[in-house]
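Below are the chains, spelled out letter by letter.
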Amino acid sequence: MEDAVKRLKDAVINYEMETIADLAKKALKDGVDPLVAIEKGLAEGIKTVGERFGRGEIYLPELVMGAEAMKSALAVLEPAVPAGKHRSSAGKVLIGTVQDDIHEIGKNLVATMLSANGFEVVDLGVNVPSPDFVKKADEIKPSIIAMSALMTTTMPRMAEVIAPIKKKNKTVKALVGGAPVTDTYAKEIGADGYSGDASGAVDVAKKLVR
Ligand code: B12
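A quick note: this is a predicted structure, and the numbers were derived from the prediction, not measured.

### With respect to the domain arrangement of the chain
The domain boundaries assigned to the chain delineate domain 1 (2-80) and domain 2 (91-209). Computed from C-alpha atoms alone, the centre-to-centre distance between domain 1 and domain 2 is 25 Å. Each side of the interface is counted separately: domain 1 has eight residues, and domain 2 has nine residues. Here domain 1 and domain 2 share an interface that buries about 670 Å² over both sides, 67% of which is from carbon and sulfur atoms. Viewed at the interface, domain 2 and domain 1 are joined by one salt bridge.

### Quick look at the packing of helix H1 (residues 2-13) against helix H4 (residues 60-77)
Two elements in contact, H1 and H4, have axes whose closest approach is 7 Å; the angle formed by their N-to-C orientations is 145°. Between H1, through Leu-8, Ala-11 and Val-12, and H4, the contact on the second element is made entirely by Gly-66, Ala-69, Met-70 and Leu-77. By residue class, the composition of the contact of H1 with H4 is six nonpolar, one polar and no charged.

### Concerning the pairing of strand S2 (residues 119-123)
In terms of strand pairing, strand S1 (residues 91-97) meets S2 through five bridges, oriented parallel. Looking at the pairing, Lys-92 lines up with Glu-120 of S2. Handedness of the crossover is the feature at issue here: the chain leaves S1, passes through helix H5 (residues 105-116), returns alongside S2, and the resulting connection is right-handed.

### Digging into the nonpolar core
Counting residues in hydrophobic clusters, the biggest one holds 42 residues, and the most contacted among them are Leu-8, Ile-20 and Leu-42. Going through the elements one at a time, H1, helix H2 (20-29), helix H3 (34-54), H4, S1, H5, strand S3 (144-148) and helix H9 (198-209) are the ones with two or more residues in this core. With seven residues, the single largest contributor to this core is H5. Taken together, domain 1 (2-80) and domain 2 (91-209) each give at least three residues to this core, which thus spans both. In contact with Leu-42, other than residues within four places in its own chain, are Leu-8, Val-12, Ile-20, Ala-37, Met-70, Ala-73, Leu-74 and Leu-77. Phe-133, Ala-137, Met-147 and Tyr-185 belong to the second largest nonpolar core, which has 23 residues in total.

### Structural notes on the pattern of salt bridges
All chains considered together, the criterion is met by 13 salt bridges. Here Lys-71 and Glu-104 are joined by a salt bridge, their closest N and O atoms 2.8 Å apart. Of this pair, Lys-71 sits in helix H4 while Glu-104 sits in the loop between S1 and H5, and the two are 33 residues apart along the sequence. Classification of Glu-104 as partly exposed rests on a relative accessible area of 24%. Lys-136 is the salt-bridge partner of Glu-139, the closest N and O atoms lying 3.3 Å from each other. Of the two residues, Glu-139 and Lys-136 are both situated in helix H6 (residues 130-140); the distance of three residues between them amounts to about one turn of the helix. Classification of Glu-139 as exposed rests on a relative accessible area of 55%. The partly exposed category is assigned to Lys-136, whose relative accessible area is 24%.

Definitions and cut-offs
- Residues numbered from 1 in each chain as written.
- Predicted model: local features only at pLDDT ≥ 70, side-chain atom pairs only at ≥ 80, totals over all residues.
- Heavy atoms only, no water.
- Domains from an automatic or database assignment.
- Contact = heavy atoms within 4.5 Å.
- Buried area = accessible area lost by both parts, 1.4 Å probe.
- Salt bridge = Lys/Arg side-chain N within 4 Å of Asp/Glu carboxyl O.
- Axes fitted to C-alpha atoms, helices over the stretch in contact; angles between N-to-C directions.
- Helix = DSSP H or I, 4+ residues; strand = E, 2+ residues; numbered from the N terminus.
- Nonpolar A, V, L, I, M, F, W, Y, C, P; charged D, E, K, R; others polar.
- Pairing = 2+ DSSP bridges.
- Right-handed = clockwise from strand over helix to strand, strands pointing away.
- Core = buried A, V, L, I, M, F, W, Y, C linked by side-chain atoms within 4.5 Å.
- Buried < 20%, exposed > 50% of the residue type's maximum accessible area, 1.4 Å probe, protein only.

Here's what the structure looks like:
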């Protein structure tokens, strides 16, 4: 079983876009927990790819290939993530990746995990203009507004959304995340919660709506 997870990690690192979906299917057939396959396999693989890109060892086309490989495997694994025990809505979450940022993999994972755990999730997608977040929050009145930012340059967009939303709605909670985001930064911009991974996001979201 560990082999299957390691194999998925390597398949992202080696950009196996054609074969990785089959590997994911096989892992499921062999009884591998889809969440473990995602977090210990795919996510670790893309982390390695990102580090290589950061060190200048590989270039954008390789980064794109790694991401594409991860996405094909996710298409198989995400629907297999077991739903939480309670199906009644735990609360409404408005989620999206902030303006000028097109990274969607982590945001999608968080959205999947939240809905698997009973939250009603409205996903605005990526590169969401800050005013759109505010407008949609006004319209659907979520209990939580969740934002993802993957770049140091786009993190400040989260503050741009939190301030006006909180001004209008005193009870809405802001949950933030993404690789460069930290707990300290989250507090600085007035967010109510932060998590470094998708399972943690569910725990924090549950606490926020309690
Ligand atoms: C894959 C990837 C891409 C893919 C994205 C594909 C897609 N459809 O999403 C592509 C190739 C398109 C891409 C493009 C770019 N990228 Co890029 N990319 C990455 C990479 C390697 C991995 C990101 C990822 O998907 N990780 C896997 C997921 C599972 O992890 P995650 O996103 O961190 O999410 C987890 C947690 O953070 C958390 N989380 C995430 N969101 C949220 C939200 C909430 C509410 C909560 C609670 C938790 C949470 O839970 C998730 C699950 O565990 C990172 C490297 C890295 N270390 O992050 C670089 C990285 C983010 N990219 C980077 C850069 C520079 C770019 C480009 C500018 C490159 C270029 N020159 O064009 C463009 C940006 C375009 C834009 N405007 O957005 C830099 C950013 C540097 C910085 N300034 O901060 C990084 C750090 C790479 C590097 N080392 O230099 N990228």
